[in-house]
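Results of the structural survey
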Amino acid sequence: MRELLLMVHPITGALAILATVWVFVETLNASERNRSRLLVGSIVVAVLMSITGVLGGYWYVVYYAADKAIILSGAWSFAHTLVMETKEHLFFVTLILSLLLPIIVRFEDPAKNRGAKTLILMISALIVLSAFAIEGAGAFISMAVRIGLMQ
Amino acid sequence: MLNNSNSSVSATTTGFSIAAVVVILANTALVVAKETSSSLHDAMQAALGHHWTTQGVIVILAFIILGFVFAQLWPKREMNGTRVAFLLAGATIIAGIGLVWFFLFA
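Residues numbered from 1 in each chain as written. Chains lettered and ligands numbered in written order. Predicted model: local features only at pLDDT ≥ 70, side-chain atom pairs only at ≥ 80, totals over all residues. Heavy atoms only, no water.

With respect to the overall build of chain A
- Counting its secondary structure elements, chain A contains 4 helices and 0 strands.
- Secondary structure elements of chain A occur, N-terminal to C-terminal, as α-α-α-α.
- In terms of its C-alpha atoms, chain A occupies a principal-axis envelope of roughly 60 × 25 × 20 Å.
- Each of the 151 residues in chain A was classed as buried or not, and the buried ones make up 54%. (Helix = DSSP H or I, 4+ residues; strand = E, 2+ residues; numbered from the N terminus. Buried < 20%, exposed > 50% of the residue type's maximum accessible area, 1.4 Å probe, protein only.)

Description of the interface of chain A and chain B
- Tallying the contact residues gives 36 residues for chain A and 42 residues for chain B.
- Approximately 3,300 Å² of surface area, both sides summed, lies buried where chain A meets chain B, with 74% of it carried by carbon and sulfur atoms.
- Of all residues in chain A, the largest losses of buried area upon contact with chain B belong to A:His89, A:Phe92 and A:Ile96, amounting jointly to 19% of the total for that side.
- Linking chain A to chain B there are 0 salt bridges.
- At the junction of chain A with chain B, the criterion picks out 6 residue pairs in polar contact (both at pLDDT 80 or more).
- Counting only elements with at least two residues in the side of chain A that touches chain B, the list comes to helix H2 (35–73), helix H3 (78–107) and helix H4 (114–150) of chain A.
- Ranked by residue count, the leading element in the side of chain A that touches chain B is H3(A), at 18 residues.
- Here the residues of the side of chain A that touches chain B are counted per class, giving 22 nonpolar, 8 polar and 6 charged. (Contact = heavy atoms within 4.5 Å. Buried area = accessible area lost by both parts, 1.4 Å probe. Salt bridge = Lys/Arg side-chain N within 4 Å of Asp/Glu carboxyl O. Polar contact = N/O pair within 3.5 Å; in protein donor to acceptor, adjacent residues only side chain to side chain. Nonpolar A, V, L, I, M, F, W, Y, C, P; charged D, E, K, R; others polar.)

Thoughts on the packing of aromatic side chains
- Enumeration according to the criterion identifies 13 aromatic pairs over all chains in this entry.
- Ring centres 6.3 Å apart and planes at 75° place the aromatic pair A:Tyr58 and A:Tyr63 in the edge-to-face group.
- An aromatic cluster is built from A:Trp59, A:Tyr60, A:Tyr64, A:Phe91, A:Phe92 and B:Trp52, whose rings are joined through pairwise contacts.
- Looking at A:Arg106, its charged tip hangs above the ring of A:Phe107, at a distance of 5.1 Å from the centre. (Phe/Tyr/Trp six-rings, centres within 6.5 Å; stacked < 30°, edge-to-face > 60°. Lys NZ or Arg CZ within 6 Å of the ring centre and 35° of its normal.)

Examining the layout of surface pockets
- Approximately 560 Å³ is the volume found for the largest pocket.
- Together, 27 residues line the largest pocket, and A:His9, A:Pro10, A:Lys87, A:Ile134 and A:Gly138 are the ones closest to its centre.
- Counting residues per element, the ones that place at least two in the lining of the largest pocket are helix H1 (2–28), H2, H3 and H4 of chain A.
- Grouping the amino acids of the lining of the largest pocket by side-chain chemistry returns 14 nonpolar, 9 polar and 4 charged.
- Along its surface, the second largest pocket is lined by 15 residues, and A:Gly53, A:Val54, A:Leu95, B:Trp52 and B:Ile60 are the ones closest to its centre. (1 Å grid on protein atoms, 1.4 Å probe; cavity = no way out; pocket = protein on both sides within 12 Å on 5 of 7 lines; lining within 4 Å. Points joined across faces, edges and corners; volume = space filled by probe spheres on them.)

Considerations on H3(A)
Residue and element names in this part refer to chain A.
- For H3, with 30 residues, the first-to-last C-alpha span of 43 Å sits near the 44 Å given by 1.5 Å per residue.
- The principal kink in H3, of about 30°, is found at Met84.
- Burial of H3 is extensive: 25 of the 30 residues sit out of reach of the surface. (Expected span 1.5 Å × (residues − 1). Bend = angle between axes of the 7 residues up to and from the residue.)

That is the geometry; function is a separate question.
What follows is the structure, encoded as C-alpha cells:
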C-alpha cells in the first residue's frame, strides 16, 4: 500500500499537468466548437489535482515520518528542511489554481473575451510550472532517501 | 472573434480569482505563523491530527467561502481579465519565493 501510494500520486500529478497543457492548447484555439472540450479539460485538471492531493497527503501524513528520519540523518538533510517543507505547502497554491480553472472556464468565453483568454492561459501556465516544480522536488526527496540509506 | 474592447470578466470570475489571490498569499503567511508559533502549530496538529491536513482544509474552505462572498459583495464589479491574470501571477510568485525564502533562511 505504501509503495502504491508513493507511485500513484506523482502519476496523477503528471496526468494533471498533461490535462492542463490540453486546456492551454484548447484556449489558444478557443472557439464555439471546442467550448465543451475546454470545460471538460478544466474539470479533469481539478479532479486529478484533487486526487493527487488526497493520495499524496495521505502518504505524507501516514508514512513520511520514516523517510524524514532517513533524510535528516543523511547528507541531503536539506531535502526535508527546504525541499519537502516548500513542496508540501506550495502544493496548496497549485491546488487552488486547479480548482479556480473550471470556475473561470464555466463563466467566461475565451473565444470572445481577450481578458478571459489571457486569464485562463495564465492560470494554466502557473499550474504547469508549479506542478513541474513539485514533481521535481519529489524526485529530489526520493534521491535524498536513497543517499540516506546508502550511508 | 476576439473582441479587444471586451476584456472584462464576470463578477463570479473576479470574486473567485481575488479569493485565490488572497488565499495563495495567506497560505504562505499561515506557514510562517505556524512554523514560528509552537502553540499555533500544536493547535493545528490537534485539530485534524496533522498540521498539514488542517492547513489544507482551511485553505480550501477559505477559497470557497471568500469566492462566494467576493462575488456577492461586488455583483456589478467586473475587472479586466488581463489585470486579474497578472494579480494571480504576482501572488503565486510572491507566495512561492516567500516559502523558499522562509525555509532557506528561517
